[in-house]
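Structural characterization, general
One letter stands for each residue in the lines below.
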Amino acid sequence: MMRILRIMRNYFFYCGIEKDEYNAIKKDAYVSNFVVWRILHFLIAAVFGVLYICSLHYDLMKSNSWIYMLAFIYSVIAIVLFFYLKKDSIAAQLLIYLTMSLLFLFGCIISLRRPDIPAVSFIAFLLITPMFMIDKPFFMAIELGVASAVFLFWTHSVKSYDVWVIDFGNVIPFTIVGIFLNVIANSLRIKEFVLTRKINIQKDTDDLTGLKNKGAITREINKFLLDESTDKGVLFVMDIDRFKYINDTYGHDTGDDVIRQFGGVLGKMFTCGEIVGRFGGDEFIAFIKNADDSDIAGKIACDIIRETSENVVIADTGNTISLSIGIAIYHGNESNYSEMFKKADIALYEAKADSENRYHLYKE
């Protein structure tokens, strides 16, 4: 029984997956909603624009002309807002839910205009709109439930009892169908996001350390450097001293173990959104966003060196390793990762040549 309840909870609150998995891909779902509904708003604006023009020429539609005009104006305003809102923002999600609410309201008004026939437009919206929204099905259940309750309450005193009973008999089951269509559509699309995320993680992960690989490091740092709103960052390029000697003397398995241990040290030290990974061989990268204090950068370098000497051990020998670090500070001048890396790499070689100071800061 508890297992069944858990499955139902996951489907209605997390689209059929576990909470942690859902939270990991939630922003991807929001971005998908944003893209789909921005396109739909262009379609909605076009439809209501055409309906308004037609209402000016056909008496049958003239009584609804103000509805078409307001819907067209709202759609245009929404389209403009979509170009200012962030794709993964809550504000964009709320705008989408507002549009759905107004579509349901439009369905109510259309039905009231012809109280002698059962509702068609409103029921169509109950079935169609849930298919285009990726979010916790619980929210869509509330949206559809409230819309249906408002519709039935509003039309009760306007429609004849016989017609209203037909509407009641249609709206209730179609609301339930709409909710379950949303559950099914969400679970299928969310699982696609989960699969895509797993593939991307595998593609971007270094097999030996579990940190980011060269491609992921380069892409993410370049993305940060291209953001005009940011002009601070610190790049650390780290290299294990005498790593070739370790490989040649103790074997590649021991060398891999050293790499794995050092990756673990970095993984534990950088847990606040820094870009950390293995660039290749025994070379590692760490990029701290929105920081440019050279003293703090030096302290972090000392901490890395100390943690490495205390925790990375050559197997069967008890010997520890040493580390050299080159540091480059970003002040908004470099346009890509290569420019930053060259400066940090120069500082790294200066550190390797200095037997007393295992890290160096690049200076212009």
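Higher on the page you've got the structure.
Residues numbered from 1 in each chain as written. Predicted model: local features only at pLDDT ≥ 70, side-chain atom pairs only at ≥ 80, totals over all residues. Heavy atoms only, no water.

1. What to know about the overall build of the protein chain
Tallying secondary structure elements over the protein chain gives 13 helices and 5 strands in all. Summarising its shape, the C-alpha atoms of the protein chain cover approximately 95 × 55 × 30 Å along the three principal directions. In the protein chain, buried positions account for 43% of the 364 residues. For the protein chain, the share of sequence-separated contacts (at least 6 apart) that also reach a separation of at least 24 residues comes to 72%. (Helix = DSSP H or I, 4+ residues; strand = E, 2+ residues; numbered from the N terminus. Buried < 20%, exposed > 50% of the residue type's maximum accessible area, 1.4 Å probe, protein only. Contact = heavy atoms within 4.5 Å.)

2. Observations concerning the side chain of lysine 343
For lysine 343, the location among the structural elements is in helix H13 (residues 337–353). Residue classification places lysine 343 among the buried residues on the basis of a relative accessible area of 17%. Separated by 2.4 Å, the side chains of lysine 343 and glutamate 334 make a polar contact. Sequence-distant contacts of lysine 343, defined by excluding residues within four places in its chain, comprise Ala328, Glu334, Tyr362 and Glu364. (Polar contact = N/O pair within 3.5 Å; in protein donor to acceptor, adjacent residues only side chain to side chain.)

3. Some details on a negative patch on the surface
On the surface, a cluster of negative charge is made up of Asp231, Asp292, Asp293 and Asp295. Residue aspartate 295 is classed as exposed on the basis of its relative accessible area, which comes to 62%. (Patch = residues over 30% accessible without salt bridge, like charges linked within 9 Å, V, L, I, M, F, W, Y side chains within 5 Å. Areas by Shrake-Rupley, 256 points an atom, 1.4 Å probe, with all protein chains shown as cover. Salt bridge = Lys/Arg side-chain N within 4 Å of Asp/Glu carboxyl O. Lys, Arg positive; Asp, Glu negative; His and termini not counted. Charge placed at Lys NZ, Arg CZ, Asp CG, Glu CD.)

4. Considering the sheet that holds strand E3 (residues 283–289)
Read from one edge to the other, the open sheet built from 5 strands follows the order E2-E3-E1-E4-E5, with strand pairing classed as mixed. Each end of this open sheet is capped by a strand with a single partner; those strands are strand E2 (275–280) and strand E5 (359–361). For this sheet, the mean angle separating the axes of adjacent strands, direction not counted, is 20 degrees. As paired strands, E2 and E3 are joined by 5 bridges and run antiparallel to one another. (Pairing = 2+ DSSP bridges. Axes fitted to C-alpha atoms, helices over the stretch in contact; angles between N-to-C directions.)

5. Here's the deal with the packing of aromatic side chains
Counted according to the given criterion, the structure contains 16 aromatic pairs. Seen in terms of ring centroids, phenylalanine 122 and phenylalanine 151 are 4.3 Å apart; in terms of plane orientation they differ by 10 degrees. Their pairing is stacked. One end of the pair, phenylalanine 122, is in helix H6 (residues 121–128); the other, phenylalanine 151, is in helix H7 (residues 137–156), and 29 residues separate them in sequence. One aromatic cluster is present, formed by Phe48, Tyr68, Phe106 and Phe125 through successive ring pairs. Above the face of the phenylalanine 83 ring, arginine 38 is positioned so that its terminal group lies 5.3 Å from the ring centre. The residue whose ring lies beneath arginine 242 is tyrosine 245, and the NZ or CZ to ring-centre distance is 4.4 Å. (Phe/Tyr/Trp six-rings, centres within 6.5 Å; stacked < 30°, edge-to-face > 60°. Lys NZ or Arg CZ within 6 Å of the ring centre and 35° of its normal.)

6. A closer look at the pairing of E2
A regular strand places its side chains on the two faces of the sheet in alternate fashion. Of all 6 residues in E2, 5 are buried; the element is thus mostly enclosed. Counting the residues that bridge the hairpin from E2 to E3 gives 2 residues, and of these glycine 281 lies at a positive phi of roughly 55 degrees.

7. Observations concerning the pattern of salt bridges
Close approach of charged atoms allows side chains with opposite charge to pair. Tallied over the entire structure, the rule returns 14 salt bridges. The residue aspartate 241 makes a salt bridge to lysine 352 at a minimum N-O spacing of 3.0 Å. On the criterion of sequence distance, the pair formed by aspartate 241 in the loop between strand E1 (233–240) and helix H10 (243–250) and lysine 352 in helix H13 is long-range, its members being 111 residues apart. Classification of aspartate 241 by relative accessible area gives buried; the value is 10%. Across the salt bridge formed by lysine 299 and aspartate 303, the nearest N and O atoms sit 3.3 Å from each other. Of this pair, lysine 299 and aspartate 303 are both found in helix H12 (residues 294–311), 4 residues apart, which corresponds to roughly one turn of the helix.

8. A closer look at the packing of helix H2 (residues 19–55) against helix H4 (residues 65–82)
Where H2 meets H4, the axes come as close as 8 Å, and the angle between the chain directions of the two elements is 150 degrees. On the basis of the axis angle, H2 is roughly antiparallel to H4. The crossing of H2 and H4 is left-handed. Contacts between H2 and H4 involve Phe34, Trp37, Arg38, His41, Phe42, Ile44, Ala45, Phe48, Gly49, Leu51, Tyr52 and Ser55 from the first element and Ser65, Tyr68, Met69, Ala71, Phe72, Tyr74, Ser75, Ala78, Ile79 and Phe82 from the second. Residue classes in the contact of H2 with H4 are distributed as 16 nonpolar, 5 polar and 1 charged. (Parallel < 35°, antiparallel > 145°, perpendicular 65-115°, else oblique. Left-handed = near helix turned anticlockwise from the far one by under 90°. Nonpolar A, V, L, I, M, F, W, Y, C, P; charged D, E, K, R; others polar.)

9. Digging into the environment of asparagine 319
Checked against the element boundaries, asparagine 319 lands in the loop between H12 and strand E4 (323–330). Apart from the residues lying within four places of it in its own chain, the contact partners of asparagine 319 are Tyr250, Val312, Val313 and Ile314.

Geometric values such as these leave the question of function open.
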